[in-house]
Amino acid sequence: PTGVPRTSRNTMLRTRAVQRGVMRAIARAATRTPTQRTYITPAYNLAKRIMPKISPTEEAALNSGTICFDRDLFSGDPTTKSLLARYKISLSAEEQSFIDNETHVLCEMLDNNQIDEDQNLPPAVWKFIREKKFMGLVIPKAYGGLGFSGHGHAKIVQKIAGRNGAAAVSVMVPNSLGPGELLYHHGTPEQKDHYLPRLAHGIDIPCFGLTGAASGSDAASMRDEGVVCMQDGVLGMRVNFSKRYITLAPVATCVGLAFRLRDPEKLLTAGKEGITVALLPTEANQFAPNGLPGFKTGPRHNPLGAAFMNGTVVGNDVFIPMACVIGGEKQTGFGWKMLMECLGEGRGISLPAGGVAQAKMALLGVGGYARVRKQFKVPIASMEGVQEKLANIGTLTYQVVAMTDLFGAILADKEKPPVVSAIMKLLCTEKGRTCVNEAMDVAGGAGISKGPANFLASAYTAVPIAITVEGANALTRSMMIYGQGLTRSHPHLLKLVQAIQHGDDMPTFNHELTNIIKHAFTNLGRSVTRGISVQIQPKGNDVAAYYEANLSRLSANFAFCADVGLTMGGGIKTAEFISGRYADILSNLYMGYACLWFYERNKHVKGLDKVLDAAMADVCKNTQEAFFGLFANFPIPLMGPVMRVCTFPRGREYHNTTDKLRRQVSNLVTTPTEVRALLTEGCFVSKDPQDRINQIVRAMPLACQADEYLAACRKEKRQPTDAEQAVINQAEELRELIIQVDVFDTLAGKNHRGEDMKATWSVEPFQGSKEQAAH
């Protein structure tokens, strides 16, 4: 192309020549009989040049966790029926009791505004969290923990996060990113017996040090380094490290630390060099009898004014005994795989739970507020501009609730899926952010005036934190979801790449390449036939069946286009625009099937089909747009148009939700309906009558009833009865309370009317007004 430097043009031409050569060789081989099909050496060598290379850290990530429904999506033939047959979820009696009792008591103790001002949880709250085993939710009962499921963990965090983010973070970290899970799965018996009971009972507060200044999302490139050595007859490591953004670090008593280990003197008798994970006590114990001089936790960061503990972990020339390595000497060098397995589950629980809490609280609080608040003599929930916002909140809340429940069911099936976990983190935090933004628009001045009555401001301020941590969303979308998902979840690609990478394994290469070609043509056929069948599939009264057919079509489209994308070879790893669009498609397909799965489990709820319709229209439209972005920007000439003709021959077929459906969804979430009850299930509502959410929850049904009475009186041209007037008066009384916002005589202890605000200068009066009047 003109304007491209000569070296770049030459590179592009060589790459395209290689790709054309591979496609010609594949096409020739595909026409041969099985006995003839050898994929001659030149084609094999070309494939070696363009197929992605797998680094040791990537291989560790690919070998960690499990594959679940993501394999079905890459196969091109997933079904809701298979999801329903395999995945079921419910809370145990113990989990439900803990949510209803201990968790409710904790939430009642939390004064969101005061915590923000103090920048810390009150001592009584810290004590309650620790003594009631909130830090040991998932630690097995044998070690003194509660032994709850991932689903139970998520529901507990959701309830707390709806009340106060700092408390939720203080609970979620020990149960997801803390070293507890690493200890349980990889620790030595001595480490488990010592630490797990202390962690379960809150005696030890854990944190995990992974991120450094030079290695944020690229954690595998960490500079923190240890060298194996002997000190006073003890085998250990001399380590220097500097970690930041470490949640709970300022109050931690044991720190999980990841660092790169070298063994230049060959002192290791087990394990190997590489990323290693150790558990460092802040005080001397049996694993570090002399303590760890040079090791320090803190000071604090200030993450946008959020009150949770976050700070640094640093060490200068620290001797760490080998007994501190999680799993002992034999686990040195295996830290990256351990971390990937831990994150594969935790990333899909804790931060998504926070996003779901934000969405639910927006729906509960602002959905009720919009029905109570009146402008121009009508509830603002009746105004179409507001209904658009409320319908979006309702739709997105349905989507994140569905995804969370399905993910909990997947975990209950003993799966640890890193790809789906990354999808969960991305979508739930992004949709939680959107819900909070929409809620702020509806709340208006009540949303921006901070104080005890404001239930949105803290969540609004803290939203970017969840977007950033545990893999920034921008990189989760553009690199992790599809980059890892393609190689890991595609039914044939990983074996083909391994055949290339592990040597001249021509038989496996031939077999898997044949399978990929068959896979591509199978899903091409599905794309065409299903694309035709959806044209004659009426929506009618069976919304679920209609969208099942359309998702089936889109899944086949995705699987076919994913196979076409393999022509980019290793280039897909760095083509983040393209990878991000593939990730959008994959993520929306998972969300779509989660919505159908959730609906089938709750279709007895009156009106839920309307919310499903809106949620699935959003899924199909967004999936379509990601496809068309892929078609328009695919880097290999003609491939984009070919994919478009094969998958969307009629052009764009999916559209935004209709205004009528938006109005219906808005009404469902702003009136006392079964839908509103389902989507706000588990939200904390204080028993304090002065609490703003308590007032809204009490006022909303009264306001609806009062408006019905007033409408009947106007229609019948009569005065309200005494009973009706009592309801109207009660609704008006609560309405007057709810529309008030907090005011303060001073802020930050400073008098805004001080002497420094008095003018110390003067100005002469203007003399020209009379003259102007005369003229």
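In this text, all values refer to a predicted model and were calculated from it rather than measured experimentally.

Visitor: Could you give me a rundown of the overall build of the protein, with the residues and numbers involved?
Guide: Assigned secondary structure in the protein consists of 30 helices and 9 strands. Relative to a compact globule of 775 residues, whose C-alpha radius of gyration would be 28 Å, the protein shows 30 Å and is just as compact. Taking the principal axes of the C-alpha coordinates as reference, the protein spans close to 95 × 75 × 75 Å. The burial tally for the protein puts 55% of its 775 residues in the buried class. For the protein, restricting intrachain contacts to residue pairs at least 6 apart in sequence, the fraction spanning at least 24 positions comes to 77%. Of the roughly 34100 Å² of accessible surface on the protein, a fraction of 54% belongs to carbon and sulfur atoms. The centroid of the 85 positive side-chain charges in the protein is displaced by 8 Å from the centroid of its 73 negative side-chain charges.

Visitor: How would you sum up the packing of helix α20 (residues 493-501) against helix α21 (residues 506-533)? Please name residues and give values.
Guide: Contact geometry of α20 with α21 gives a least axis separation of 9 Å together with a crossing angle of 150°. Looking at the two axes, α20 sits roughly antiparallel to α21. Here the hand of the crossing between α20 and α21 comes out left-handed. Contacts between α20 and α21 pair L493, K495, L496, A499 and I500 from the former with T508, F509, E512, L513 and I516 from the latter. Tallied by class, the residues present in the contact of α20 with α21 amount to 7 nonpolar, 1 polar and 2 charged.

Visitor: Can you explain the pattern of salt bridges? Please cite residues and give values.
Guide: Overall, the coordinates contain 29 salt bridges when judged by the stated rule. Among the salt bridges present, the one from K127 reaches E131, with a minimum N-O distance of 2.8 Å. One end of the pair, K127, and the other, E131, are both in helix α8 (residues 123-131), 4 residues apart, so they sit about a helical turn from each other. Between R718 and E724 there is a salt bridge whose closest N-O contact spans 3.0 Å.

Visitor: Outline the packing of aromatic side chains, supporting the account with residue identities and numerical values.
Guide: Summed over the entire model, instances satisfying the criterion amount to 18 aromatic pairs. Aromatic pair F241 and F295: ring centres 6.2 Å apart, planes at 55°, arrangement tilted. Remark: F295 occurs in strand β6 (residues 295-300) and F241 occurs in strand β3 (residues 234-247); sequence separation between them is 54 residues. Judged by relative accessible area, F241 falls into the buried class, the value being 4%. Residue classification places F295 among the buried positions, given a relative accessible area of 13%. Residues Y482 and F558 carry aromatic rings whose centres are separated by 6.3 Å and whose planes lie at 75° to one another, so their mutual orientation is edge-to-face. Pair noted here: Y482 is in helix α19 (residues 473-489) and F558 is in helix α22 (residues 543-565), with a separation of 76 residues, a long-range link. The residues Y482 and F558 share a single accessibility class, namely buried. Through a chain of ring-to-ring contacts, three or more aromatic side chains come together here, namely F74, Y482, F558 and Y582. R652 extends its terminal NZ or CZ atom over the ring of F628, reaching a point 4.3 Å from the ring centre.

Visitor: So what's going on with empty space enclosed by the protein? Residues and values would help.
Guide: To find the voids left in a structure, one rolls a probe of water-molecule size over its atoms. If you walk through the whole model with that rule in mind, you get 7 cavities of 30 Å³ or more. Here the largest cavity is characterised by a volume of approximately 100 Å³. Forming the boundary of the largest cavity are 14 residues, of which A446, A453, N454, F455 and R692 lie nearest the centre. Considered class by class, the residues forming the lining of the largest cavity number 8 nonpolar, 4 polar and 2 charged.

Visitor: Can you break down the environment of S449 residue by residue, with the values?
Guide: Tracing the backbone through its elements, the reader meets S449 in the loop between α17 (445-448) and α18 (457-468). On the basis of relative accessible area, S449 is assigned to the partly exposed category, the value being 24%. Between the alpha carbons of S449 and V743 there is a distance of 8.4 Å; along the sequence they are 294 residues apart. If we skip the residues at most four places from it in the chain, S449 touches N454 and V741. In terms of polar contacts, S449 uses its side chain to reach the backbone carbonyl oxygen of G445, at 2.9 Å.

Visitor: Describe the confidence of the model for the protein, listing the residues and the values that go with them.
Guide: The share of residues in the protein with pLDDT of 70 or more is 92%, and the mean pLDDT across the chain is 90. Contacts for the low-pLDDT stretch residues 1-15, under 50 throughout, to residues beyond four places or in other chains number 4 contacts. Throughout residues 33-37 the model reports pLDDT below 50, and contacts reaching past four residues in sequence, or to other chains, amount to 5 contacts.

Visitor: Can you lay out the nonpolar core for me, pointing to particular residues and giving the numbers?
Guide: One finds Y398, Y582 and Y590 to be the most contacted residues of the largest nonpolar core, which totals 128 residues. Ranked by residues supplied to this core, first place goes to helix α23 (residues 576-602) with 15 residues.

Visitor: Could you give an account of the pairing of strand β7 (residues 310-321), naming the residues involved and the relevant values?
Guide: Extensive coverage of β7 is indicated by the burial of 9 of its 12 residues. Bridge count for β3 against β7 is 9 bridges, and the pairing is antiparallel. Of the residues in β7, the one forming a bridge with G236 is P321. Here β6 pairs with β7 via 4 bridges, running antiparallel. For R300, the partnering residue across the bridge sits in β7 and is G311.

Visitor: Which residues make up the environment of L551, and what are the values?
Guide: Counting through the fold element by element, L551 comes out in helix α22. Between the C-alpha atoms of L551 and T80, which are 471 residues apart in sequence, the distance is 9.8 Å. Not counting the four nearest positions on each side in its chain, L551 is found in contact with L589, G592, Y593, L596, M616 and V619.

Visitor: How would you summarise helix α25 (residues 639-647) if you had to cite specific residues and measurements?
Guide: Side chains that are three or four residues apart share a direction in an α-helix, a result of its 3.6 residues per turn. Looking at α25, one finds that the buried residues are M639, G640, M643, C646 and T647. Buried positions in α25, seen along its axis, are confined to an arc of 135° and lie on one side of it.

Visitor: Break down unusual backbone geometry for me, with residues and values.
Guide: At the junction of G298 and P299, the peptide bond is cis and its omega measures out at 0° in the coordinates. Within the fold, P299 resides in strand β6. Phi at Q119 is positive, roughly 55°, even though this residue is not glycine. Among the structural elements, Q119 can be located in the loop between α7 (112-118) and α8. Its identity as a non-glycine residue notwithstanding, D232 has a phi of 55°, on the positive side. Residue placement: D232 occurs in the loop between β2 (225-231) and β3. Taking the relative accessible area as the measure of exposure, D232 reaches 76% and is therefore exposed.

Visitor: Go over the side chain of N473, please, and point to the residues and values.
Guide: Following the sequence through the fold, N473 ends up in helix α19. A polar side-chain atom of N473 sits 3.0 Å from a polar atom in the side chain of T429. Ignoring sequence-local partners within four residues, the contact set of N473 consists of K425, L426, T429, E430, A466 and I467.

Visitor: Got a sec to walk through the environment of E755? Specific residues and values, please.
Guide: The topology assignment puts E755 in the loop between α29 (722-738) and α30 (769-774). When the C-alpha atoms of E755 and R71 are compared, they prove to be 70 Å apart, with 684 residues separating the residues in sequence.

Visitor: I'd like a description of the pairing of strand β5 (residues 274-281), backed by residues and values.
Guide: Burial analysis of β5 places 8 of its 8 residues in the buried class, the great majority of the element. With 8 bridges connecting them, strand β4 (residues 254-262) and β5 associate as antiparallel partners. The partner of C254 across the bridge, within β5, is P281.

Visitor: Pulling in residues and values, what's your account of helix α12 (residues 189-200)?
Guide: Here α12 spans 16 Å end to end across 12 residues, near enough to the 16 Å set by a 1.5 Å rise per residue. Of the residues one or two after α12, G202 is the one with positive phi, at around 75°.

Cut-off values and rules
Residues numbered from 1 in each chain as written. Predicted model: local features only at pLDDT ≥ 70, side-chain atom pairs only at ≥ 80, totals over all residues. Heavy atoms only, no water. Helix = DSSP H or I, 4+ residues; strand = E, 2+ residues; numbered from the N terminus. Rg over C-alpha atoms; globule rule 2.2 N^0.38 Å. Buried < 20%, exposed > 50% of the residue type's maximum accessible area, 1.4 Å probe, protein only. Contact = heavy atoms within 4.5 Å. Areas by Shrake-Rupley, 256 points an atom, 1.4 Å probe, with all protein chains shown as cover. Lys, Arg positive; Asp, Glu negative; His and termini not counted. Charge placed at Lys NZ, Arg CZ, Asp CG, Glu CD. Axes fitted to C-alpha atoms, helices over the stretch in contact; angles between N-to-C directions. Parallel < 35°, antiparallel > 145°, perpendicular 65-115°, else oblique. Left-handed = near helix turned anticlockwise from the far one by under 90°. Nonpolar A, V, L, I, M, F, W, Y, C, P; charged D, E, K, R; others polar. Salt bridge = Lys/Arg side-chain N within 4 Å of Asp/Glu carboxyl O. Phe/Tyr/Trp six-rings, centres within 6.5 Å; stacked < 30°, edge-to-face > 60°. Lys NZ or Arg CZ within 6 Å of the ring centre and 35° of its normal. 1 Å grid on protein atoms, 1.4 Å probe; cavity = no way out; pocket = protein on both sides within 12 Å on 5 of 7 lines; lining within 4 Å. Points joined across faces, edges and corners; volume = space filled by probe spheres on them. Polar contact = N/O pair within 3.5 Å; in protein donor to acceptor, adjacent residues only side chain to side chain. pLDDT = per-residue confidence, 0-100. Core = buried A, V, L, I, M, F, W, Y, C linked by side-chain atoms within 4.5 Å. Pairing = 2+ DSSP bridges. Arc of directions from axis to C-beta. Expected span 1.5 Å × (residues − 1).

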